[in-house]
Amino acid sequence: MKLLATLFLSGSLLLAGSPAATAQQSRSPYHTRFGVDAPITAGLGAVSGLGLYLISQKHGRSDAELAALDKNDLPRMDRFAAGNYNEDAILASNILCYGSLAVAPGVLALNSDIHDRFGQVAGLYLESMSATAAIFTMTAGTVYRNRPFLYGPEGPANKRKSHIATNSFFAGHTAHAATATFFAAKVFHDFHPDSPAEPLVWGAAAIIPAAVGYARIEAGKHFLTDNLVGYALGATIGVVVPQLHKTAGRTGLSILPMQGLNVNGYSYGGLLITQQL
């Protein structure tokens, strides 16, 4: 996940491309401002950089500490993963995670309605992923939790004593995959709120990060609770960031100026707020 966080750190200043790329079009459900969103994303990138530095300063476990590890000290729901280690599962989780990061925006770009506003959507995607990366790196950089494989004999010695062997909390692969897929589903919904394909879109958005989380457990990289937190965080960010940029015209509310004369002949004015049904 350090590679992933570095990717978003280096790309944070590319939010939305340029002001021209984020120009609002009539059918876009979002309103973005380069002068606001770009600094936010850049700031999140800076936080990711700090998190990566903190991760690099962590220390690994000593032989005595490794020998003292006991899975019975873990929460009951996490014990089944203690001692897991599987290189094939590590590879599978990497393919699923990094694949979802590329496929999610790629699928959106192929949609005819979204394609014309993809610069704006890409900016929101980068902002969402940068938020997840910032929270992940800062958490992994400040929280020590042993990975499941340390509770068994498996895994190369250099990995067992590595500083990243204490980065179990929370599951970064799962969080980033959930951000990508739920973001794609949310954007699709906002552009096509009545599409019959929505159940399939949301179903895929939910299944892919769940598969990533399962692979990370089998790989011995994360416990169940690590994945639950990563899944919930990633899905929330993937939905909330585009929702925060929704235009007023898509909220169902209309604000209209109102002016006239009352029964005494005095003029009045104000705003009439109506609900669109």
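Residues numbered from 1 in each chain as written. Predicted model: local features only at pLDDT ≥ 70, side-chain atom pairs only at ≥ 80, totals over all residues. Heavy atoms only, no water.

**Q** Even after reading the chapter, I still don't get the nonpolar core, so can you show me in this structure?
**A** One recurring pattern in soluble globular proteins is that nonpolar side chains are buried together. Grouped together as the largest cluster of nonpolar side chains are 14 residues, with contacts concentrated most on L108, V121, F183 and V187. Counting only elements with at least two residues in this core, the list comes to α4 (87–110), α6 (118–142) and α8 (172–191). With 5 residues, the single largest contributor to this core is α8. Ignoring anything within four residues of it in the chain, the contact list for V187 reads Y30, L108, I114 and V121. The next biggest cluster of nonpolar side chains, apart from the first, holds 8 residues, and it includes Y85, I90, F149 and A165. (Core = buried A, V, L, I, M, F, W, Y, C linked by side-chain atoms within 4.5 Å. Buried < 20%, exposed > 50% of the residue type's maximum accessible area, 1.4 Å probe, protein only. Helix = DSSP H or I, 4+ residues; strand = E, 2+ residues; numbered from the N terminus. Contact = heavy atoms within 4.5 Å.)

**Q** Before we go on, may I ask you to explain the packing of α4 against α8 in this structure?
**A** To describe two helices that pack against each other, one gives the angle between their axes and the distance between the axes. Here α4 crosses α8 at 20°, and the two axes come no closer than 9 Å. Here α4 lies roughly parallel to α8, going by the angle between them. Seen along the crossing, α4 lies across α8 with a hand that is left-handed. Between α4, through S93, N94, C97, Y98, S100, L101, A104 and L108, and α8, the contact on the second element is made entirely by H173, H176, A177, A180, T181, F183, A184, V187 and F188. Looking at the contact of α4 with α8, its residues break down into 11 nonpolar, 6 polar and no charged. (Axes fitted to C-alpha atoms, helices over the stretch in contact; angles between N-to-C directions. Parallel < 35°, antiparallel > 145°, perpendicular 65-115°, else oblique. Left-handed = near helix turned anticlockwise from the far one by under 90°. Nonpolar A, V, L, I, M, F, W, Y, C, P; charged D, E, K, R; others polar.)

**Q** It is not clear to me how the side chain of S28 should be interpreted in this structure. Could you clarify?
**A** Structurally, S28 can be placed in the loop between α1 (2–11) and α2 (34–56). By relative accessible area, S28 is classed as buried at 5%. Only 2.6 Å separates the side chain of S28 from the side chain of Q120, close enough to count as a polar contact. (Polar contact = N/O pair within 3.5 Å; in protein donor to acceptor, adjacent residues only side chain to side chain.)

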